[in-house]
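Below are the chains, spelled out letter by letter.
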Amino acid sequence: MANALRYFTGFGGHFESEAIEGALPKGRNSPQRPAFGLYAEQLSGSAFTAPRHENRRSWLYRLRPTADHRPFAPYEGAPLFAAGLDSAPLAPNRLRWDPPELPAGTDFVDGLVTMLGNRDPADLEGVAVHLYRADRSMERRVFVDADGELLILPQSGTLRIVTELGRMDVAPGFLALIPRGMRFRVEVEGDSRGYVAENCGASFRLPDLGPIGANGLANARDFETPAAWFEDRDEETEVVQKSLGHLWVTTLDHSPLDVVAWHGNYAPCRYDLSRFNAIGTVSFDHPDPSIFTVLTSPSDVAGRANADFVIFPPRWMVAEDTFRPPWFHRNVMSEAMGLIRGDYDAKAEGFRPGGLSLHNLMSGHGPDVESWEKASAAELEPHKIADTLAFMVETCWPYRLTRFALDHAQSDYDLAWAGFPKAKLP
């Protein structure tokens, strides 16, 4: 994975790229005879009539049209992925998981395990959270998710993600965003683990900055979209597709990663999370976690997200006369949190890199006893939280659990909040 790849910079921009000079038509999208006998094909991530600022589409010029495939059949692999959510009543408990023991000898698709989800993908709303383990590359197979776009977060091991539009290297500390309906392959070297957020609602976009102004948080220029690359392979290739919550498979007689040129604004990208410009208080009080939002998927209610992707990166804490960790709170939003590296400043122990926690709507949560005691007694000098990277997938829809998640949750998570002393009134 050491060879250099080429990228364009900018989030949601219009790009054009060709792997062979002259493959991209000029001044039109669908010429009568595209160069080299290529097929012109539009990939749309929004309705044709969506407003210009919401319209997402790219034109692809490929060796064969995507329509060239045989019927799909149910896919029998990936036994823990796309598993149905448990239908029993879910108690309003706080939940947390250690990094699960996942099977070895799997590629990215078969190594996926679904933990949390909400909504029916057919509603075009909701979000799901998956974990993955992969210690072998996808060979002569690709994956495509028709239900939603995929935000992939490696926790250990670098991924090479080979998409229809180009190739990306995605290391721990980066995210990759794969649009709904785009085929891709994941290649690994050694054991790799991480997280996947599947967004079935409106496409992720950068949040509005409001009073912050024009700059800060994730800047558009730091997102990278791969340049065109293709493979010309006339050999059997398996296509695994997630559609309406289930997995399906068909076999082609060629590789579908055969886009020679493309242009548009519906494309994969990667982002180095260390470039996130964290904003914090320089006076008093711990600010709301919304200031750590990297990407957001809005719902049909203003200010209420279908999904927010939020990170808690290294940063300075300088607030005066302030309890600096996240405060105790209850929330109408539901919070799934993961940890890429280091410790999370509101939990002294029990939350490990590769693990997961869930605080569903109106569940009381906040720092554990040890973190509260330490922060309450701390001398408030400027302090840098270093060597950490936590994230949250927050949603307005309550999460439900798969049976795997229910069976593997920590049994003693509530004890994190046991033993708080009673306040002493005068």
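Residues numbered from 1 in each chain as written. Predicted model: local features only at pLDDT ≥ 70, side-chain atom pairs only at ≥ 80, totals over all residues. Heavy atoms only, no water.

Chemist: Whenever I open this one, the overall build of the protein chain confuses me. Can you help?
Modeler: A count of helical and extended segments in the protein chain gives two helices and 28 strands. Relative to its length of 426 residues, the protein chain is compact, with a C-alpha radius of gyration of 22 Å against a globular reference of 22 Å. For the protein chain, the C-alpha atoms occupy an extent of roughly 85 × 45 × 40 Å along the three principal directions. Each of the 426 residues in the protein chain was classed as buried or not, and the buried ones make up 52%. In the protein chain, the share of contacts with a sequence separation of at least 24, taken over all contacts with a separation of at least 6, comes to 77%. (Helix = DSSP H or I, 4+ residues; strand = E, 2+ residues; numbered from the N terminus. Rg over C-alpha atoms; globule rule 2.2 N^0.38 Å. Buried < 20%, exposed > 50% of the residue type's maximum accessible area, 1.4 Å probe, protein only. Contact = heavy atoms within 4.5 Å.)

Chemist: What's the story with the environment of G264 in this structure? I'm lost.
Modeler: One can find G264 in strand 19 (residues 259-264). Here the alpha-carbon distance between G264 and L43, two residues 221 residues apart in the chain, equals 9.3 Å.

Chemist: Where do I start with the nonpolar core in this structure?
Modeler: Side chains of a nonpolar character, in soluble globular proteins, are inclined to be buried together. If you look at the biggest cluster of nonpolar residues, it comprises 51 residues, and the most contacted ones within it are L116, L175, V294 and F309. The contacts of V294, once residues within four sequence positions are left out, are L175, L206, P207, A218, F223, Y271, F276, F309, V310 and I311. Of all hydrophobic cores here, the second largest spans 36 residues; its members include F108, A176, I178 and V259. (Core = buried A, V, L, I, M, F, W, Y, C linked by side-chain atoms within 4.5 Å.)

Chemist: Honestly, the sheet that holds strand 27 (residues 389-395) in this entry has me stumped. Any pointers?
Modeler: Either a parallel or an antiparallel arrangement is found when strands of a sheet pair, and the pairing is made through backbone hydrogen bonds. Spatially, six strands are ordered 6-25-24-27-22-21 in an open sheet, and the strand pairing comes out antiparallel. Lying at the two open borders of the sheet, with one neighbouring strand each, are strand 6 (95-97) and strand 21 (293-298). Neighbour-to-neighbour, the strand axes of the sheet open up by a mean angle of 15°, direction not taken into account. Relative to strand 27, strand 22 (residues 305-312) runs antiparallel, the two sharing five bridges. Paired with D308 across the bridge in strand 27 is E394. (Pairing = 2+ DSSP bridges. Axes fitted to C-alpha atoms, helices over the stretch in contact; angles between N-to-C directions.)

Chemist: So what exactly am I meant to see when it comes to helix 1 (residues 369-377) here?
Modeler: An α-helix turns once every 3.6 residues. As a result, residues three or four positions apart point the same way. Among the residues of helix 1, V369, S371 and A375 are the ones counted as buried. On an axial view of helix 1, the arc spanned by its buried residues comes to 165°, and they lie on one face. What points out from helix 1, more than 90 degrees from its buried face, is the exposed set K374 and A377. (Arc of directions from axis to C-beta.)

Chemist: What am I meant to see in the packing of aromatic side chains here?
Modeler: The description of an aromatic ring pair rests on the distance of the ring centres and on the angle between the ring planes. For the structure on display, the rule yields 15 aromatic pairs. Their ring planes at 55° and their centres at 5.1 Å tell us that F108 and Y132 sit as a pair that is tilted. Of the two residues, F108 is situated in the loop between strand 6 and strand 7 (112-117) and Y132 in strand 8 (residues 127-134); the sequence distance between them amounts to 24 residues. For the pair F108 and Y132, a shared accessibility class is recorded, and that class is buried. Centre to centre, the rings of F223 and Y271 are 4.3 Å apart; their planes meet at 15°, and the pair counts as stacked. Of this pair, F223 sits in strand 16 (residues 223-226) while Y271 sits in strand 20 (residues 269-272), and the two are 48 residues apart along the sequence. Both residues of the pair, F223 and Y271, belong to the buried class. Over the ring of W397 we find R304, and its NZ or CZ is 5.3 Å from the ring centre. (Phe/Tyr/Trp six-rings, centres within 6.5 Å; stacked < 30°, edge-to-face > 60°. Lys NZ or Arg CZ within 6 Å of the ring centre and 35° of its normal.)

Chemist: What exactly am I supposed to notice about the environment of G157 here?
Modeler: Among the structural elements, G157 can be located in the loop between strand 10 (149-156) and strand 11 (159-163). G157 gets classed as partly exposed once you look at its relative accessible area, which sits at 22%. Taking the C-alpha atoms as reference points, G157 and R133, separated by 24 residues in sequence, lie 9.8 Å from one another. Not counting residues up to four positions away in its chain, the partners in contact with G157 are V170, P172, D191 and S192.

Chemist: What exactly am I supposed to notice about the state of the cysteines here?
Modeler: Defined simply, a disulfide is a covalent bond joining two cysteines at their sulfur atoms. Overall, the coordinates contain zero disulfides when judged by the stated rule. The thiol sulfur of C200 is not disulfide-bonded, and the nearest other cysteine sulfur, from C396, lies at 13 Å. The class of C200 is buried, set by a relative accessible area of 6%. (Disulfide = S-S within 2.5 Å.)

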